[in-house]
Amino acid sequence: MPKDSGIGTSPKRREDIRFLTGNGKYTDDINLTGQSHAVFARSDVAHGKINHIDISAAETMPGVLAIFTGEDFADVGGNPAGWLINSRDGEPMKEPKRPVLAYGKVRHVGDAYAAVIAETVLQAQDAVEAIKADITELPAIVDMEAALAGGGFVHDEIETNQCFDWGWIEDNRAATDAAIKAAPHVTTLSLVNNRLVPNAMESRASTADYDRGTGDYTLYTTSQNPHLTRLLVCAFVLGIPENKLRVVSPDVGGGFGSKIYHYGEEALVLAAAKKLCRPVKWTASRSESFLTDAHGRDHVTKIELACEKDGTFIAFRTDTMANVGAYLSNFSTVTPTFLHGTLMAGNYTVPNVYVNVKAVFTNTAPVDAYRGAGRPEATYSLERVIDKCARELALDPIELRRKNFIKPDQFPYASAAGLEYDAGNYDALFDKLEGIVDFGGFKARRAESEKGGKLRGLGINSYIEACGIAPSNLVGILGARVGLYDAATVRVNATGNISVMVGAHSHGQGHATVFPQVVSEMLGVEENSIEIVHGDTSKIPFGMGSYGSRSLAVCGSAVVRATEKIINKATKIAAHMLEASESDIDFKDGKFSVSGTDKSVAFGEVAFKAYVPHDYPHDELEPGLEETAFYDPANFTYPSGAYACEVEVDPETGKVTVESFTAVDDFGNVINPMIVTGQVHGGIGQGIGQALLENCTYDENGQLLSASYMDYAMPRASDLPFYTVDHSCVTPCTHNPLGVKGCGEAGAIGSPPTIVNAVVDALHSGGHTHVTHIDMPVSPARVWSAINS
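Residues numbered from 1 in each chain as written. Predicted model: local features only at pLDDT ≥ 70, side-chain atom pairs only at ≥ 80, totals over all residues. Heavy atoms only, no water.

S.K.: Sorry if this is basic, but what is going on with the overall build of the protein here?
M.R.: Looking only at helices and strands, the protein has 19 helices and 28 strands in total. Relative to the 2.2 N^0.38 estimate, which gives 28 Å for 789 residues, the radius of gyration of the protein is 28 Å and therefore close to what a compact globule would have. In terms of overall dimensions, the protein has C-alpha extents of about 85 × 75 × 50 Å along its principal axes. In the protein, buried positions account for 61% of the 789 residues. For the protein, contacts bridging at least 24 residues in sequence account for 80% of all contacts bridging at least 6. (Helix = DSSP H or I, 4+ residues; strand = E, 2+ residues; numbered from the N terminus. Rg over C-alpha atoms; globule rule 2.2 N^0.38 Å. Buried < 20%, exposed > 50% of the residue type's maximum accessible area, 1.4 Å probe, protein only. Contact = heavy atoms within 4.5 Å.)

Following this line, the structure appears as C-alpha cells:
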C-alpha cells in the first residue's frame, strides 16, 4: 500500500469539496413538483386544556389545502420510548402517549396542536394565525422537586409526574450505604448538569411524497437514523407497511443526537401527502428548533464519595433527578439510566457504587441524548466530587486519581457499576498529559496572572466512556426495543470500482473518507475507487444509524466482515482462474497469486471474471461479487482520557478565559488521525460551551427564556483556546476487528469538569476558599456572585 493511504493515514475529507463549493444537498434543498407547504400552530402556554380548535376561518383563506388537528390522529399510535425501564421496586415505567399533534392538552410551549397545508409557506403562516385555539391555561409544572411533590400532573392519565425511580445496581444498595456510613471520610456535592439546546447548524426539515398508483411513500428528512424513523412510523405511529415507506436522509447539517429521533412533524407530512396526493414540505424555523428539538442534559444530582483518609476510594453514591420534559423521546429513558449509571464507577477500583435516578415529567420540551448522552453527566459528577475530595484531604488531585486507577494488569475489569472494561491504561494517559503540559511552570504562570490582577487556575480530569452500545441480547434484557447491530453491503462492480452501502449515517463524521480507508487497506485498491452509500433505506441494509460514537466500531466492523466475505469469494474465483487449489492462493496488495509460483491475477481481473462467468463451475461458484454482513458487538468499547486546562478569572467582573486546553485520549486504533483530531476539537468546543456559556432556561410559567441567540449564548471562536490534542496512547479494543473505540463524544465528556475544576482552583488561589462549587454555566455573574457571597 502507498504510505499516504489506508489505515492510520490522514487523507483529506473527500466530502468537503462538495460542501465547500456549495454542492451539498440537504432536505430543504429538495423541492418536488407540485409540492405544498406545512406550517404548525404551536402552543404559547406550557400547560393547558384544549377546549376547542376553530379552523373555520383558516380553511377559507387563500391557498389553504388542508388543516389537521390532534383529533385527526386520535386513533393512531404514539411515538414510543426506545427503552422500557423498570423502577427499583420492579414497577414498569410510565409511558404516556406522545401524539402526532396535541390532543386534549398542550404540554409545553411549542407543542403543536394543528397544522396547515397550503400552496406557499406564507399562505400557511397566514392561515395558522387565523386558527382560534380555545385553551384553558393550567399551572405549569417546571421544577422537578415540585413535580414529584404532586399538585398537578403533566399527564393526568398516569396520576404522577414520575416516569420511573431506577436503582443501579439494586443488590449493591445496602453494601454501599453501609460503606458510606462507616467511611473515615465522605465528600458530598450537590450539582446541576445544565439543560442545553442542541443547535445543529441545519434545522429539522421533512418532505413527504405519496404515489397513489403504487401506495408507496417517500420521506426526505433530517435524520441520523433513517431506518429507525421508518420502523417507528410504520410499527408504532401510522401503521404504514414497512416495504411501502422509503426514508431518505441526505446531507444533514449536524445532529449531536437531536436528529436520532422520530418527531411528529415527519408523521404529519406523510399523512398530509397521502390525503392530498401531492408532496408536502416543512422546514423548522430557528425559533421552532429552540422550542421543539429534543434538549439535552438537565440533571440535578447529589453525589457522595466515601474514602479512607489516604484517599483510597470506598464508595460512590448518587441521587439524581433527570428531567424528561413533557413527553418521552425515543432515547430519553436510557440516557439517564444505562448510559449514565453504568459509568458511575469511572476508571477507578472503587468497590461500591449505587445510583438512583428519578425521571420526571415537566411542562418543558422533551429531553434526550445530546453529544455524550449520559456519560458527560456521569463524568461531571465524578470528577467534580473527586476534585472536592482532594481539596478537603489536602491531596494532589492527579495523585488521588492515580492512586485509585484500574491498572493495566487488572483487565478485563468488572466495574462496581456493572460493566466489563476490556482494555485501558489510565496511568499512561496521565504520563502523556504531564509530558505535554508544563505543570512545573504553573506557579510562575499563576504569579504572572496575579500581576495583571487575574486569578489563574489549573483543572484536570480523567474520564472513561462507553461507546457502541451493545450487545443486542444484553440490551434486550435491559429493556431496549430494538437491536443495536449494524450492517454493510460491499458491491464490487465488474470494472473493479466498489460501492459500500452502510447502515451508519454521516453528518459530519467523515464516513466517505474513513470507510474507504478500511476497504482500501483490505483489498489493496485505490481509495478513490470506493464509494460510500448511506441514508436511503431503499439502497442500504437495515442499520441503526450514527450516534454514541458507534459508526466505526459497529458499522465499520460490519464493513470489515463484508469485505472479508468478498476476499473469500474472490479467492475462490482466483483459484478457478489460476487453475489452483483455493488453499494455495495468497492475497496481498490487491493481487491473488499461487504460492511458490509467479502466477497471479489482479483484483480487478477477478472482479470482471465474477460478472463474466463463461467457464464457471456453476454448481460450486455463483456469479457476482457482492456481500452483506451484520455485526452485533460483544461489548461496549471504552475510550478514556486525561484532560487539563488553565483558566484566568477576572475577580472584578467574574469573566473566565480559557488560556490553554490539553486533551490526551485513548481511542484504540486510529484510522484517520486528522478526522479524530477534528472530532475532539468539536467536542471540546461544545463542552466549553456548556461549562461557560450555554443555559436553556424556563421561567415558572414554563416560558422558554433562552429561545433565541439573543438569550442563548453559543461559544464563539474568541471563547475557545488553541487545543493540544494527542491520541498516541493506544490500547486497542479487544473485541472488534479494527481495535477501535470511538472518538466523537470524548471532548464533550471530558471538558466540562476540567473547566469547572480550573475555575474553582483559580478562586481558591485568590483566597476565596469558601467557593467549593459553581454550577454550569460558570458565567461572569455566577463567578462574581460566588466571590462576593
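S.K.: For this particular structure, what's the right way to read the packing of helix 14 (residues 511-523) against helix 15 (residues 551-577)?
M.R.: To characterise two packed helices, one gives the angle between the axes of the helices and the distance between these axes. Interhelical geometry of helix 14 versus helix 15 gives an angle of 35° and a closest axis separation of 10 Å. Considering how the two elements wind past one another, helix 14 and helix 15 form a crossing that is right-handed. In this structure, helix 14 contributes His511, Val514, Phe515, Val518, Val519, Met522 and Leu523 to the contact, and helix 15 contributes Ser551, Leu552, Cys555, Gly556, Val559, Val560, Thr563, Glu564, Ile566 and Ile567. When grouped by side-chain class, the residues that make up the contact of helix 14 with helix 15 number 12 nonpolar, 4 polar and 1 charged. (Axes fitted to C-alpha atoms, helices over the stretch in contact; angles between N-to-C directions. Left-handed = near helix turned anticlockwise from the far one by under 90°. Nonpolar A, V, L, I, M, F, W, Y, C, P; charged D, E, K, R; others polar.)

S.K.: What is the right way to look at the side chain of Glu745 in this model?
M.R.: As for its position among the elements, Glu745 is in the loop between strand 28 (723-726) and helix 18 (746-765). In terms of polar contacts, Glu745 uses its side chain to reach the backbone amide nitrogen of Gly372, at 2.9 Å. Contact partners of Glu745, with chain neighbours within four places excluded, come to Arg371, Gly372, Ala373, Arg375, Glu465, Gly548 and Ser549. (Polar contact = N/O pair within 3.5 Å; in protein donor to acceptor, adjacent residues only side chain to side chain.)

S.K.: Mind showing me how you'd approach helix 15 here?
M.R.: Owing to its 3.6 residues per turn, the α-helix aligns residues three or four sequence positions apart on the same side. Its 27 residues give helix 15 an end-to-end C-alpha distance of 37 Å, which sits within 8% of 39 Å, the value for a rise of 1.5 Å per residue. Along helix 15, 19 of the 27 residues are buried, which leaves the element largely enclosed by surrounding structure. The first or second residue beyond helix 15 is Glu579, which carries a positive phi of 50°. (Expected span 1.5 Å × (residues − 1).)

S.K.: Explain the environment of Leu191 here, please?
M.R.: Tracing the chain through its elements places Leu191 in strand 8 (residues 185-193). The class for Leu191 is buried, based on a relative accessible area of 2%. With residues up to four places along the chain from it excluded, the contact list for Leu191 reads His299, Val300, Thr301, Tyr380, Ser381, Arg384, His773 and Asp775.

S.K.: Explanation requested: the sheet that holds strand 21 (residues 530-533) in the structure shown.
M.R.: Adjacent strands of a sheet pair through backbone hydrogen bonds, lying either parallel or antiparallel. The 4 strands are arranged 21-20-19-25 in an open sheet whose pairing can be described as mixed. Here the strands that pair on one side only, and so sit at the sheet edges, are strand 21 and strand 25 (626-631). Each adjacent strand pair in this sheet contributes to an overall mean axis angle of 15°, direction not counted. Here strand 19 (residues 486-492) pairs with strand 25 via 6 bridges, running antiparallel. Bridge pairing in strand 25 places Asp486 opposite Tyr631. Contacting strand 20 (498-502) and strand 21, helix 14 runs over the sheet at an angle of about 135° to strand 21. (Pairing = 2+ DSSP bridges.)

S.K.: Whenever I open this one, the domain arrangement of the protein confuses me. Can you help?
M.R.: By a frequent convention, interface size equals the accessible area lost on bringing the separate parts together. The domain architecture assigned to the protein consists of domain 1 (18-138 + 201-254 + 259-292), domain 2 (299-469 + 635-787) and domain 3 (485-631). Computed over C-alpha atoms, the centres of domain 1 and domain 2 are 36 Å apart. Taken together, the 31 residues of domain 1 in the interface contact 31 residues of domain 2. Carbon and sulfur atoms make up 61% of the area that domain 1 and domain 2 hide from each other, which totals about 2,600 Å². Here domain 1 is connected to domain 2 by 0 salt bridges. At the surface where domain 1 touches domain 2, the tally comes to 13 residue pairs in polar contact (both at pLDDT 80 or more). At the level of elements, helix 6 (226-237) and helix 8 (286-292) are the ones that each hand at least two residues to the side of domain 1 that touches domain 2. The element best represented in the side of domain 1 that touches domain 2 is helix 8, accounting for 3 residues. (Domains from an automatic or database assignment. Buried area = accessible area lost by both parts, 1.4 Å probe. Salt bridge = Lys/Arg side-chain N within 4 Å of Asp/Glu carboxyl O.)

S.K.: What am I meant to see in unusual backbone geometry here?
M.R.: Generally, phi is negative for residues other than glycine and the peptide bonds are trans, each holding for most cases. With an omega of -15°, the peptide bond between Ala470 and Pro471 qualifies as cis. Following the sequence through the fold, Pro471 ends up in the loop between strand 18 (455-464) and helix 13 (472-478). Cis geometry is adopted by the peptide bond preceding Pro777, which originates at Met776 and carries an omega value of -5°. A positive phi angle, close to 50°, is found at Glu579, a residue other than glycine. Along the polypeptide, Glu579 turns up in the loop between helix 15 and strand 22 (585-588).

S.K.: Help me out: how do you make sense of the packing of aromatic side chains in this one?
M.R.: Evaluation of the coordinates by the stated rule reveals 28 aromatic pairs. Look at Phe40 and Trp282: their rings are 5.7 Å apart centre to centre, the planes differ by 85°, and that puts the pair in the edge-to-face class. Note that Phe40 is positioned in strand 1 (residues 36-42) and Trp282 in strand 12 (residues 280-283), a separation of 242 residues in sequence. Summarising the aromatic geometry, the rings of Trp166 and Phe338 are spaced 5.3 Å apart at their centres and angled 80° between planes, so their arrangement reads as edge-to-face. Of this pair, Trp166 sits in strand 7 (residues 162-168) while Phe338 sits in the loop between strand 14 (313-325) and strand 15 (352-361); the two residues are 172 residues apart in sequence, bridging distant segments of the chain. Here the two residues Trp166 and Phe338 agree in accessibility, since each one is buried. Its end group placed over the ring of Tyr263, Arg204 keeps NZ or CZ at 3.7 Å from the ring centre. (Phe/Tyr/Trp six-rings, centres within 6.5 Å; stacked < 30°, edge-to-face > 60°. Lys NZ or Arg CZ within 6 Å of the ring centre and 35° of its normal.)

S.K.: Would you explain the pairing of strand 22 in this entry?
M.R.: Each regular strand shows side chains that alternate between the opposite faces of the sheet. The sheet contact formed by strand 22 and strand 23 (residues 591-594) spans 4 bridges and is antiparallel. Counted as the bridge partner of Asp586 is Ser593 from strand 23. The turn linking strand 22 back onto strand 23 is made up of 2 residues, and Asp589 within it adopts a positive phi angle of 50°.

S.K.: Is there a simple way to explain the sheet that holds strand 26 (residues 640-649) in this structure?
M.R.: Spatially, 4 strands are ordered 18-26-27-28 in an open sheet, and the strand pairing comes out mixed. Two strands bound the open sheet, and with one partner strand each, they are strand 18 and strand 28. Pairs of neighbouring strands in the sheet enclose a mean axial angle of 10°, with direction left out of account. Looking at chain direction, strand 26 and strand 27 (residues 656-666) are connected through 10 bridges and run antiparallel. Pairing of Glu648 across the sheet is with Thr657, part of strand 27.

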